[in-house]
Amino acid sequence: MSIGVAIIGGGIFSLTPLEPAVQAASSHLTLKAIYSRSIKSAKALEANVDLYSDDSGSGNTYYDLLLRDDIQAVILALPIPAQPEYVEAALAAGKHVLSEKPIAKDITSAQKLIDYYKSDKVKGGATWGVAENFRFLDSFLFARQEVQKLGRVLGFRVKMFGNVQPGSKYFETAWRKKPEYQGGFLLDGGVHFIAATRLLLGEEATPTALTAFTTLLQEHLPPVDTVNSVWQTKTGISGTFSVSFGTTLSGSEYVIACEKGSVAVEFSKVTVRLGMEKDKKETVKEFKEEGAGVKQEVAAWAKSLSEGTPNPGQAPEQALADLEILEKMLKSGENQGAAQSLKYQL
(Lines give C-alpha, C1' and ligand atoms only; values in the text may rest on other atoms or scores of the structure.)
Protein backbone atom coordinates (compact mmCIF):
# COMPACT_ATOMS: atom_id res chain seq x y z
CA MET A 1 0.00 0.00 0.00
CA SER A 2 1.42 3.35 -1.06
CA ILE A 3 1.74 6.11 1.54
CA GLY A 4 0.35 9.53 0.66
CA VAL A 5 2.98 12.20 1.23
CA ALA A 6 3.16 15.99 0.97
CA ILE A 7 6.25 18.12 0.44
CA ILE A 8 6.32 21.11 2.78
CA GLY A 9 8.46 23.89 1.34
CA GLY A 10 8.89 25.27 -2.14
CA GLY A 11 12.55 26.29 -2.13
CA ILE A 12 15.46 25.06 -4.22
CA PHE A 13 15.82 21.86 -2.20
CA SER A 14 12.20 20.94 -2.82
CA LEU A 15 12.69 21.53 -6.53
CA THR A 16 15.88 19.50 -6.82
CA PRO A 17 16.47 16.90 -5.62
CA LEU A 18 13.61 16.32 -3.14
CA GLU A 19 10.64 16.03 -5.49
CA PRO A 20 12.49 13.59 -7.81
CA ALA A 21 13.49 11.57 -4.74
CA VAL A 22 9.83 11.15 -3.78
CA GLN A 23 9.01 10.07 -7.32
CA ALA A 24 11.87 7.57 -7.23
CA ALA A 25 10.33 6.02 -4.11
CA SER A 26 6.96 5.56 -5.83
CA SER A 27 6.76 1.91 -4.76
CA HIS A 28 6.18 3.23 -1.23
CA LEU A 29 5.21 6.89 -1.63
CA THR A 30 2.65 8.84 -3.66
CA LEU A 31 3.00 12.60 -3.82
CA LYS A 32 -0.39 14.12 -3.00
CA ALA A 33 0.25 17.78 -2.28
CA ILE A 34 2.78 20.58 -1.96
CA TYR A 35 2.76 23.40 0.56
CA SER A 36 4.84 26.55 0.49
CA ARG A 37 4.46 29.82 2.30
CA SER A 38 3.67 31.46 -1.05
CA ILE A 39 1.69 30.05 -3.96
CA LYS A 40 4.38 31.28 -6.36
CA SER A 41 7.03 29.01 -4.85
CA ALA A 42 4.54 26.12 -4.57
CA LYS A 43 3.84 26.36 -8.29
CA ALA A 44 7.56 26.35 -9.07
CA LEU A 45 7.70 22.59 -8.51
CA GLU A 46 5.43 22.10 -11.54
CA ALA A 47 3.93 18.95 -10.05
CA ASN A 48 0.43 17.84 -10.93
CA VAL A 49 -0.78 17.75 -7.31
CA ASP A 50 -2.82 19.96 -5.00
CA LEU A 51 -1.11 23.16 -3.90
CA TYR A 52 -1.36 24.85 -0.51
CA SER A 53 0.09 28.14 0.72
CA ASP A 54 -0.40 30.85 3.33
CA ASP A 55 -1.56 33.30 0.66
CA SER A 56 -4.12 31.01 -1.02
CA GLY A 57 -7.02 31.82 1.27
CA SER A 58 -9.19 29.78 3.61
CA GLY A 59 -9.03 26.02 3.21
CA ASN A 60 -5.61 26.04 1.58
CA THR A 61 -3.18 26.46 4.48
CA TYR A 62 -0.68 24.00 5.93
CA TYR A 63 -3.13 23.14 8.69
CA ASP A 64 -5.83 22.37 6.11
CA LEU A 65 -3.41 20.03 4.36
CA LEU A 66 -2.85 18.20 7.65
CA LEU A 67 -6.57 17.44 7.85
CA ARG A 68 -6.47 15.22 4.76
CA ASP A 69 -6.88 11.51 5.47
CA ASP A 70 -5.13 10.53 2.23
CA ILE A 71 -1.90 12.18 3.38
CA GLN A 72 -0.15 10.05 5.98
CA ALA A 73 3.29 11.69 5.92
CA VAL A 74 5.08 14.96 5.22
CA ILE A 75 8.61 15.92 4.22
CA LEU A 76 9.66 19.30 5.58
CA ALA A 77 12.24 21.47 3.79
CA LEU A 78 11.75 24.88 5.40
CA PRO A 79 14.02 27.61 6.82
CA ILE A 80 15.83 26.42 9.94
CA PRO A 81 14.01 28.61 12.51
CA ALA A 82 10.55 27.72 11.11
CA GLN A 83 10.76 23.94 11.13
CA PRO A 84 9.96 23.02 14.77
CA GLU A 85 6.47 24.55 14.61
CA TYR A 86 5.68 22.58 11.47
CA VAL A 87 7.10 19.35 12.90
CA GLU A 88 4.96 19.63 16.01
CA ALA A 89 1.80 20.41 14.05
CA ALA A 90 2.28 17.41 11.78
CA LEU A 91 2.93 15.03 14.67
CA ALA A 92 -0.11 16.37 16.52
CA ALA A 93 -2.16 15.62 13.39
CA GLY A 94 -0.84 12.04 13.31
CA LYS A 95 1.39 12.50 10.25
CA HIS A 96 4.79 10.85 9.94
CA VAL A 97 7.53 13.47 9.48
CA LEU A 98 10.89 13.64 7.74
CA SER A 99 12.39 17.07 8.43
CA GLU A 100 15.49 18.54 6.83
CA LYS A 101 18.68 18.91 8.82
CA PRO A 102 19.66 20.55 11.09
CA ILE A 103 17.20 19.29 13.67
CA ALA A 104 16.77 22.84 15.01
CA LYS A 105 18.62 26.14 15.35
CA ASP A 106 20.23 25.19 18.69
CA ILE A 107 20.47 22.44 21.29
CA THR A 108 17.74 23.93 23.50
CA SER A 109 15.23 24.02 20.63
CA ALA A 110 16.20 20.49 19.57
CA GLN A 111 15.71 19.11 23.08
CA LYS A 112 12.26 20.70 23.30
CA LEU A 113 11.31 19.16 19.98
CA ILE A 114 12.50 15.70 21.05
CA ASP A 115 10.58 16.05 24.32
CA TYR A 116 7.46 16.92 22.32
CA TYR A 117 7.98 13.87 20.11
CA LYS A 118 8.12 11.65 23.20
CA SER A 119 4.99 13.19 24.72
CA ASP A 120 1.34 12.16 24.50
CA LYS A 121 0.68 15.13 22.20
CA VAL A 122 1.74 13.01 19.23
CA LYS A 123 -1.26 11.35 17.60
CA GLY A 124 -1.68 7.83 16.34
CA GLY A 125 1.89 6.60 16.63
CA ALA A 126 3.27 9.18 14.18
CA THR A 127 7.03 8.98 13.73
CA TRP A 128 9.67 11.63 13.13
CA GLY A 129 13.00 11.33 11.38
CA VAL A 130 15.61 13.95 10.51
CA ALA A 131 16.99 13.86 6.98
CA GLU A 132 20.78 13.73 6.77
CA ASN A 133 21.74 12.58 3.29
CA PHE A 134 25.44 12.11 4.09
CA ARG A 135 24.50 9.17 6.34
CA PHE A 136 23.09 7.41 3.28
CA LEU A 137 25.87 8.04 0.77
CA ASP A 138 27.29 4.75 -0.50
CA SER A 139 30.85 6.13 -0.39
CA PHE A 140 30.69 6.88 3.34
CA LEU A 141 28.90 3.62 4.16
CA PHE A 142 31.58 1.66 2.28
CA ALA A 143 34.34 3.69 3.93
CA ARG A 144 32.89 2.96 7.38
CA GLN A 145 33.01 -0.78 6.64
CA GLU A 146 36.65 -0.50 5.59
CA VAL A 147 37.55 1.45 8.75
CA GLN A 148 36.12 -1.37 10.83
CA LYS A 149 38.43 -3.87 9.09
CA LEU A 150 41.59 -1.91 9.91
CA GLY A 151 41.54 -2.00 13.69
CA ARG A 152 41.64 0.75 16.28
CA VAL A 153 41.25 4.33 15.11
CA LEU A 154 44.49 6.29 15.68
CA GLY A 155 43.48 9.71 14.41
CA PHE A 156 41.60 11.62 11.74
CA ARG A 157 41.55 14.78 9.68
CA VAL A 158 38.58 16.34 7.94
CA LYS A 159 38.58 19.37 5.69
CA MET A 160 35.86 20.92 3.58
CA PHE A 161 36.68 24.15 1.77
CA GLY A 162 34.64 26.31 -0.56
CA ASN A 163 33.58 29.85 -1.31
CA VAL A 164 29.90 30.79 -1.26
CA GLN A 165 29.49 33.78 -3.55
CA PRO A 166 26.70 36.36 -3.71
CA GLY A 167 24.40 35.36 -6.54
CA SER A 168 24.81 31.62 -6.01
CA LYS A 169 21.61 29.61 -5.62
CA TYR A 170 22.24 28.72 -1.99
CA PHE A 171 23.15 32.27 -1.00
CA GLU A 172 20.22 33.97 -2.70
CA THR A 173 17.61 32.97 -0.14
CA ALA A 174 16.54 35.63 2.35
CA TRP A 175 16.87 33.43 5.44
CA ARG A 176 20.40 32.40 4.49
CA LYS A 177 21.57 35.93 3.61
CA LYS A 178 20.48 37.24 7.01
CA PRO A 179 20.52 34.17 9.26
CA GLU A 180 18.42 34.26 12.41
CA TYR A 181 20.38 31.35 13.87
CA GLN A 182 23.87 30.59 15.08
CA GLY A 183 26.72 29.87 12.70
CA GLY A 184 25.17 30.90 9.39
CA PHE A 185 26.37 28.54 6.65
CA LEU A 186 28.41 26.59 9.20
CA LEU A 187 25.15 25.42 10.80
CA ASP A 188 23.25 24.97 7.55
CA GLY A 189 25.99 23.02 5.76
CA GLY A 190 28.41 22.08 8.51
CA VAL A 191 26.16 19.47 10.12
CA HIS A 192 26.55 17.38 6.94
CA PHE A 193 30.31 17.13 7.46
CA ILE A 194 29.92 16.40 11.17
CA ALA A 195 27.45 13.61 10.40
CA ALA A 196 29.86 12.06 7.90
CA THR A 197 32.77 12.26 10.34
CA ARG A 198 30.76 10.68 13.15
CA LEU A 199 29.67 7.89 10.80
CA LEU A 200 33.27 7.11 9.85
CA LEU A 201 34.54 7.17 13.45
CA GLY A 202 31.78 4.91 14.75
CA GLU A 203 30.72 4.35 18.33
CA GLU A 204 34.17 3.16 19.38
CA ALA A 205 35.66 6.60 18.68
CA THR A 206 32.79 8.81 19.81
CA PRO A 207 33.83 12.46 20.34
CA THR A 208 33.75 13.58 23.97
CA ALA A 209 35.30 17.06 23.92
CA LEU A 210 36.60 19.70 21.52
CA THR A 211 38.27 23.05 21.11
CA ALA A 212 37.82 25.39 18.15
CA PHE A 213 38.62 28.74 16.63
CA THR A 214 36.14 30.48 14.34
CA THR A 215 36.27 33.57 12.16
CA LEU A 216 34.46 35.49 9.42
CA LEU A 217 36.47 35.68 6.19
CA GLN A 218 33.73 37.03 3.92
CA GLU A 219 31.49 39.87 5.11
CA HIS A 220 28.45 38.49 3.26
CA LEU A 221 28.56 35.22 5.27
CA PRO A 222 27.85 36.30 8.86
CA PRO A 223 28.24 35.59 11.69
CA VAL A 224 31.18 33.24 11.00
CA ASP A 225 32.11 31.20 7.94
CA THR A 226 35.19 29.26 9.07
CA VAL A 227 36.01 26.84 11.88
CA ASN A 228 39.19 24.95 12.76
CA SER A 229 38.70 22.44 15.53
CA VAL A 230 40.33 19.57 17.41
CA TRP A 231 38.09 16.78 18.65
CA GLN A 232 39.00 14.29 21.36
CA THR A 233 37.29 10.89 21.43
CA LYS A 234 36.45 8.53 24.28
CA THR A 235 39.50 6.41 23.46
CA GLY A 236 41.77 9.40 24.02
CA ILE A 237 42.80 9.90 20.38
CA SER A 238 42.18 13.23 18.67
CA GLY A 239 41.72 14.57 15.17
CA THR A 240 41.16 17.79 13.26
CA PHE A 241 38.03 19.18 11.66
CA SER A 242 38.33 22.22 9.38
CA VAL A 243 35.52 23.82 7.39
CA SER A 244 35.34 27.12 5.53
CA PHE A 245 32.70 28.55 3.24
CA GLY A 246 34.73 31.69 2.59
CA THR A 247 38.22 30.62 1.54
CA THR A 248 40.13 30.48 -1.75
CA LEU A 249 40.98 26.85 -0.98
CA SER A 250 38.71 24.12 -2.30
CA GLY A 251 38.10 20.44 -1.88
CA SER A 252 36.77 17.82 0.48
CA GLU A 253 38.71 15.16 2.37
CA TYR A 254 37.96 12.78 5.23
CA VAL A 255 40.88 10.62 6.39
CA ILE A 256 40.70 8.05 9.19
CA ALA A 257 43.99 6.52 10.36
CA CYS A 258 43.77 3.03 11.84
CA GLU A 259 46.20 0.44 13.23
CA LYS A 260 46.42 -1.49 9.96
CA GLY A 261 46.06 1.34 7.46
CA SER A 262 43.83 4.27 6.59
CA VAL A 263 40.69 5.19 4.70
CA ALA A 264 40.13 8.42 2.78
CA VAL A 265 36.94 9.79 1.25
CA GLU A 266 37.13 12.54 -1.36
CA PHE A 267 33.70 13.31 -2.74
CA SER A 268 32.57 9.97 -4.25
CA LYS A 269 36.00 8.31 -4.22
CA VAL A 270 37.18 6.05 -1.39
CA THR A 271 40.85 5.13 -1.04
CA VAL A 272 41.80 2.27 1.27
CA ARG A 273 45.47 2.07 2.21
CA LEU A 274 47.12 -0.88 3.93
CA GLY A 275 50.01 -0.21 6.27
CA MET A 276 51.82 3.12 6.19
CA GLU A 277 50.45 5.83 3.90
CA LYS A 278 53.86 6.28 2.29
CA ASP A 279 53.91 2.65 1.16
CA LYS A 280 51.17 3.34 -1.42
CA LYS A 281 49.50 -0.04 -0.95
CA GLU A 282 46.10 1.27 -1.87
CA THR A 283 42.89 0.44 -3.66
CA VAL A 284 40.40 2.99 -4.98
CA LYS A 285 36.67 2.61 -5.38
CA GLU A 286 34.47 5.25 -6.94
CA PHE A 287 30.74 5.75 -6.47
CA LYS A 288 29.95 7.87 -9.50
CA GLU A 289 26.21 7.23 -9.43
CA GLU A 290 25.52 7.98 -5.76
CA GLY A 291 24.50 11.62 -6.32
CA ALA A 292 23.80 13.72 -3.24
CA GLY A 293 22.23 10.88 -1.26
CA VAL A 294 18.76 12.45 -1.14
CA LYS A 295 17.13 9.65 -3.11
CA GLN A 296 18.73 7.12 -0.78
CA GLU A 297 17.57 8.90 2.39
CA VAL A 298 14.00 9.32 1.13
CA ALA A 299 13.92 5.68 0.01
CA ALA A 300 15.17 4.59 3.44
CA TRP A 301 12.48 6.67 5.15
CA ALA A 302 9.77 5.33 2.85
CA LYS A 303 10.87 1.76 3.55
CA SER A 304 10.86 2.42 7.29
CA LEU A 305 7.29 3.70 7.10
CA SER A 306 6.14 0.67 5.13
CA GLU A 307 7.83 -1.70 7.58
CA GLY A 308 6.75 0.23 10.67
CA THR A 309 10.30 0.52 12.02
CA PRO A 310 12.05 3.93 12.11
CA ASN A 311 15.48 4.02 10.45
CA PRO A 312 18.15 4.51 13.17
CA GLY A 313 20.16 6.75 10.85
CA GLN A 314 17.28 9.22 10.87
CA ALA A 315 16.70 9.21 14.63
CA PRO A 316 16.36 12.75 16.04
CA GLU A 317 19.04 11.84 18.59
CA GLN A 318 21.55 11.38 15.77
CA ALA A 319 20.74 14.85 14.46
CA LEU A 320 21.06 16.26 17.99
CA ALA A 321 24.54 14.75 18.25
CA ASP A 322 25.53 16.49 14.99
CA LEU A 323 24.10 19.80 16.18
CA GLU A 324 25.81 19.55 19.56
CA ILE A 325 29.26 19.36 17.99
CA LEU A 326 28.50 22.33 15.74
CA GLU A 327 27.16 24.44 18.60
CA LYS A 328 30.07 23.55 20.88
CA MET A 329 32.57 24.49 18.17
CA LEU A 330 30.90 27.88 17.83
CA LYS A 331 30.87 28.36 21.60
CA SER A 332 34.54 27.42 21.84
CA GLY A 333 35.34 29.88 19.07
CA GLU A 334 33.46 32.63 20.89
CA ASN A 335 35.63 31.92 23.94
CA GLN A 336 39.07 31.91 22.31
CA GLY A 337 39.29 28.16 21.98
CA ALA A 338 38.01 27.17 25.43
CA ALA A 339 37.50 23.41 25.73
CA GLN A 340 33.90 22.17 25.47
CA SER A 341 32.60 18.83 26.71
CA LEU A 342 30.01 16.81 24.77
CA LYS A 343 27.11 14.91 26.35
CA TYR A 344 24.68 13.98 23.57
CA GLN A 345 26.99 11.81 21.48
CA LEU A 346 25.85 8.26 20.68
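This structure is a prediction, so every number in the text was calculated from the model and none was measured.

Description of the packing of aromatic side chains
Thinking step 1. Counting across every chain of the model gives 13 aromatic pairs.
Thinking step 2. The interplanar angle of 50° and the centroid separation of 4.7 Å between the aromatic rings of Tyr-62 and Tyr-86 together place this pair among those described as tilted. One end of the pair, Tyr-62, is in helix α3 (residues 62-65); the other, Tyr-86, is in helix α4 (residues 83-92), and 24 residues separate them in sequence. Judged on exposure class, the residue Tyr-62 and its partner Tyr-86 are both buried.
Thinking step 3. Here the aromatic rings of Phe-140 and Tyr-254 are separated by 4.9 Å at their centres, their planes lie at 85°, and the arrangement is edge-to-face. Here Tyr-254 lies in strand β11 (residues 246-258) and Phe-140 lies in helix α6 (residues 138-149), a separation of 114 residues in the sequence. As far as burial versus exposure is concerned, Phe-140 and Tyr-254 are alike and both buried.
Thinking step 4. Ring pairs connect the aromatic residues Phe-134, Phe-140, Phe-185, Phe-193, Phe-245 and Tyr-254, which therefore count as one cluster.

So, the domain arrangement of the chain
Thinking step 1. Along its sequence, the chain is organised into domain 1 (3-131 + 294-313) and domain 2 (135-288 + 322-341).
Thinking step 2. Taken over C-alpha atoms, the centre of domain 1 sits 28 Å from the centre of domain 2.
Thinking step 3. A buried area of about 1500 Å², summed over both sides, lies between domain 1 and domain 2, and 72% of it is on carbon and sulfur atoms.
Thinking step 4. On the surface where domain 1 and domain 2 come into contact, there are 1 salt bridge.
Thinking step 5. Taking the shortest distance from any N to any O, the salt bridge between Asp-188 and Lys-101 comes out at 3.0 Å.
Thinking step 6. When residues of the side of domain 1 that touches domain 2 are traced back to their parent elements, those giving at least two are α5 (107-117) and α9 (294-307).
Thinking step 7. Per element, the largest residue contribution to the side of domain 1 that touches domain 2 is 3 residues, and it comes from α9.
Thinking step 8. Considering only residue class, the side of domain 1 that touches domain 2 consists of 10 nonpolar, 3 polar and 4 charged.

Concerning the sheet that holds strand β7 (residues 153-163)
Thinking step 1. Read across the open sheet, the 9 strands follow the order β14-β13-β12-β11-β7-β10-β9-β8-β15; overall the sheet is mixed. On the outer flanks of this sheet lie β14 (282-286) and β15 (340-341), each paired with one strand and no other.
Thinking step 2. Pairing of β7 with strand β10 (residues 238-244) involves 6 bridges; the strand directions are parallel. Pairing of Met-160 across the sheet is with Val-243, part of β10.

Some points on the sheet that holds strand β1 (residues 3-8)
Thinking step 1. Reading across the sheet, the 6 strands line up as β3-β2-β1-β4-β5-β6 and stay open at both edges, with parallel pairing between neighbours. The sheet is open, and its two edges are formed by β3 (50-53) and β6 (128-131), each paired on a single side. Across the sheet, the mean angle from the axis of one strand to that of its neighbour is 25°, orientation sign disregarded.
Thinking step 2. The sheet contact formed by β1 and strand β2 (residues 29-36) spans 6 bridges and is parallel. Residue Ile-8 lies in a different strand from β2, and its bridge partner there is Tyr-35.
Thinking step 3. With respect to the sheet, α9 is in contact with β1, β2, β4 (73-76), β5 (96-100) and β6, its orientation differing from that of β5 by roughly 165°.

Observations concerning the UniProt feature "domain: Gfo/Idh/MocA-like oxidoreductase C-terminal" (unreviewed entry) in the chain
Thinking step 1. Under the local residue numbering, the UniProt record ascribes the feature "domain: Gfo/Idh/MocA-like oxidoreductase C-terminal" (unreviewed entry) to residues 148-335.
Thinking step 2. Helix makes up 30% of residues 148-335 and strand 35%, with an end-to-end C-alpha separation of 36 Å.

What counts and what doesn't
What you see as residue numbers is a count from 1 along each chain, following the sequence as written. Residues qualify for local features only when their pLDDT is at least 70, as the model is predicted, and side-chain atom pairs are given and counted only at 80 or more; totals for whole chains, interfaces and linings, by contrast, use all residues. Side-chain measures here rest on the full set of heavy atoms in the structure, leaving out hydrogens and waters. In summary, the pairing rule links any two rings of Phe, Tyr or Trp, Trp by its six-membered ring, whose centres are within 6.5 Å, and it sorts them by plane angle into stacked for under 30 degrees, edge-to-face for over 60 and tilted for everything else. To qualify as a helix, a DSSP run of H or I must reach at least 4 residues; to qualify as a strand, a run of E must reach at least 2; elements of each kind are numbered from the N terminus. We call a residue buried when its accessible area falls under 20% of the maximum for its residue type, exposed when it is over 50%, and partly exposed in between, using a 1.4 Å probe and counting protein chains only. Source of the domain bounds: an automatic or database domain assignment. Joining two parts hides part of their accessible area as seen by a 1.4 Å probe, and the buried area is that hidden amount summed over both. When a carboxyl oxygen of Asp or Glu is within 4 Å of a side-chain nitrogen of Lys or Arg, the pair counts as a salt bridge. Polarity classes work like this: nonpolar for Ala, Val, Leu, Ile, Met, Phe, Trp, Tyr, Cys and Pro, charged for Asp, Glu, Lys and Arg, and polar for all others, with Gly in that last group. Strand pairing is assigned whenever DSSP detects at least two bridges linking the two strands. To get an axis, fit a line to the C-alpha atoms, keeping to the stretch in contact for a helix; angles then go from 0 to 180 degrees between the N-to-C directions. Any two residues whose heavy atoms approach within 4.5 Å at even a single point are treated as in contact. UniProt positions are given in the numbering used here, feature names are shortened, and annotations may be inferred rather than shown by experiment.

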